[in-house]
Amino acid sequence: QQRIVPNPALNKASNFPSYKNKKSPIAFVNINLNQEASETILNTEELALFNKIVIAMGLNPNNIYLTSVNKNNNIAPDADSLIAEELVSISSSYIVCLGLTVANYLKNETAKTYEVQKSWLETNMFQKDIVLITIPSIQEMIADPRHKKLAWAELKKAADQIQSN
């Protein structure tokens, strides 16, 4: 079984750690709500579940793109432009928002529930045509395993499309 080695490369903003395979067909965006900059995107428990999800999709965890947005304005006052610049630079056709907070942030919306948020959105964003997929965050899936079923339905659809290309 393949696993992500917890040794992220950092982009130029040092508070946006990323596992960066810019050629990955799919990118995952997590959010860091910590008060301090962190070099970790997912803790050990979250990383274990994330690896299982990526492997179940038929992908190698070491060949995907995973990044994190830091919403603390004291740490990253220019977070909007930095994450946009980062996502423009990758070739992923699918961007997975890990949680409503990420989806609302990237779409500049305020959806309060997954039922309100459109989980599969084909759009032009980051200067390219992409599919923006919103699923529960890894933390939400750990706290309530029922969220895994909702997430898997969307990720399976993406995995099937990626495998057919």
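Details of the structure are given in the entry above.
Here the structure is a predicted model, which is why all the values come from computation and not from measurement. (Residues numbered from 1 in each chain as written. Predicted model: local features only at pLDDT ≥ 70, side-chain atom pairs only at ≥ 80, totals over all residues. Heavy atoms only, no water.)

Asker: So what exactly am I meant to see when it comes to the pairing of strand S3 (residues 26–32) here?
Answerer: Side chains on a regular strand alternate between the two faces of the sheet. Counting buried residues along S3, seven of its seven residues qualify, which places the element largely inside the surrounding structure. The alternating pattern of S3 places Ile 26, Phe 28, Asn 30 and Asn 32 on one face and Ala 27, Val 29 and Ile 31 on the opposite face, and all of these are buried. (Buried < 20%, exposed > 50% of the residue type's maximum accessible area, 1.4 Å probe, protein only. Helix = DSSP H or I, 4+ residues; strand = E, 2+ residues; numbered from the N terminus.)

Asker: I'm lost on the environment of Ile 138 in this one. Help?
Answerer: Assignment of secondary structure puts Ile 138 in helix H4 (residues 138–143). When the C-alpha atoms of Ile 138 and Leu 49 are compared, they prove to be 7.3 Å apart, with 89 residues separating the residues in sequence. In contact with Ile 138, other than residues within four places in its own chain, are Leu 42, Glu 46, Leu 49, Phe 50, Ile 53 and Leu 98. (Contact = heavy atoms within 4.5 Å.)

Asker: Hey, could you run me through the packing of aromatic side chains in this one?
Answerer: For any pair of aromatic rings, geometry is given as the distance between the ring centres together with the angle between the planes. Within this structure, the stated rule accounts for two aromatic pairs. Their ring planes at 85 degrees and their centres at 4.9 Å tell us that Phe 28 and Phe 50 sit as a pair that is edge-to-face. On the criterion of sequence distance, the pair formed by Phe 28 in strand S3 and Phe 50 in helix H1 (residues 44–56) is long-range, its members being 22 residues apart. Each member of the pair, Phe 28 as well as Phe 50, carries the same accessibility label: buried. Ring geometry for Tyr 94 against Trp 120: centres 6.2 Å apart, planes inclined by 55 degrees, an arrangement best described as tilted. (Phe/Tyr/Trp six-rings, centres within 6.5 Å; stacked < 30°, edge-to-face > 60°.)

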